[in-house]
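Understanding the architecture of this molecule
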Amino acid sequence: MKEEIIIAGFGGQGVLSMGKILAYSGLMEDKEVSWMPAYGPEQRGGTANVTVIVSDEKISSPILSKYDAAIILNQPSLEKFESKVKTGGILIYDGYGIINPPTRKDIKVYRIDAMDAANEMNNAKAFNMIVLGGLLKLKPMVTLDSVLRGLKKTLPERHHHLIPMNEEAIKKGMELIKEV
């Protein structure tokens, strides 16, 4: 098993933390992981992306030009990364942030209305966990239990009371994801 993933969107959408939690979840299962963020000085509001690799075998390089899966949370990221999904791969996008949806026919495209779901939960910070739930439904590379243990590792202790809400958000994302 080897999954090469790009997560891209605006700074402040939880892109980097989503990648970090996914990487920590892999560590919890003794998998090989790589987490490589990329963002400019415009971290809040500018574009940010992170490459995550989760593998059963050693990872030769964290630098990728093609991805098995892409999570795209805004239009500029779609324009930059849609073409970089491997044929047969998957692209997940949030309906809220995309004006012109993906057009490729050689990949599977999924929509998740995570922003709407986060608003229904009255918690905008649940957005990235809803999206992560959608990814894990399609590519169960780590277990929910490992994600929760990864959250415990990455969240400061003062925020550990939010873990049940994050679990609810992940499960919500697993229900919401739909193939386009």
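Scope of this entry: the structure provided in the associated data block.

Calculation criteria
- Sequence order as written defines residue numbering, which begins from 1 separately in each chain.
- Where local features are concerned, this predicted model is filtered to residues with pLDDT of at least 70; where side-chain atom pairs are given and counted, the filter is 80 or more; whole-chain, interface and lining totals use all residues.
- Side-chain numbers here rest on the full set of heavy atoms in the structure, without hydrogens or water.
- Only DSSP runs of H or I with at least four residues qualify as helices, and only runs of E with at least two residues qualify as strands; both kinds are numbered from the N terminus onward.
- Helix span is expected to be 1.5 Å times the residue number reduced by one.
- Working definition: with a 1.4 Å probe on protein chains only, accessible area under 20% of the residue-type maximum means buried, over 50% means exposed, and in between means partly exposed.
- When we speak of the arc, we mean the arc of directions from the helix axis to the C-beta atoms.
- Here a residue-residue contact requires only that any non-hydrogen atoms of the pair lie within 4.5 Å.
- Between 30 and 60 degrees the pair is tilted, below 30 it is stacked and above 60 it is edge-to-face, where a pair is any two Phe, Tyr or Trp rings, Trp via its six-membered ring, whose centres lie within 6.5 Å.
- For two strands to count as paired, DSSP must find a minimum of two bridges between them.

1. Re helix H6 (residues 163–176)
- Relative to the 20 Å expected for 14 residues at 1.5 Å per residue, H6 spans 20 Å between its end C-alpha atoms, a close match to the ideal helical length.
- Along H6, the positions that sit buried rather than exposed are Ile163, Met165, Asn166, Ala169, Ile170 and Gly173. Burial along H6 is one-sided: seen end-on, the buried residues are contained in an arc of 155°. Exposed residues pointing more than 90 degrees away from the buried face of H6 are listed as Pro164 and Glu175.
- Taken together, the buried residues of H6 touch strand E6 (108–112), helix H4 (127–138) and helix H5 (144–154).

2. What about the packing of aromatic side chains?
- If you walk through the whole model with that rule in mind, you get 1 aromatic pair.
- Seen in terms of ring centroids, Tyr67 and Phe81 are 6.4 Å apart; in terms of plane orientation they differ by 80°. Their pairing is edge-to-face. Of the two residues, Tyr67 sits in strand E4 (residues 67–72) while Phe81 sits in helix H2 (residues 75–81), which places them 14 residues apart along the sequence. The pair formed by Tyr67 and Phe81 is uniform in burial state, with each residue classed as buried.

3. A closer look at the pairing of strand E1 (residues 2–10)
- For E1, the buried fraction is high: 7 of the 9 residues fall into the buried class.
- Note that E1 and strand E3 (residues 47–55) share 9 bridges and pair antiparallel. Counted as the bridge partner of Ile5 is Val52 from E3.
- Relative to E4, E1 is paired through 4 bridges, and the arrangement is parallel.

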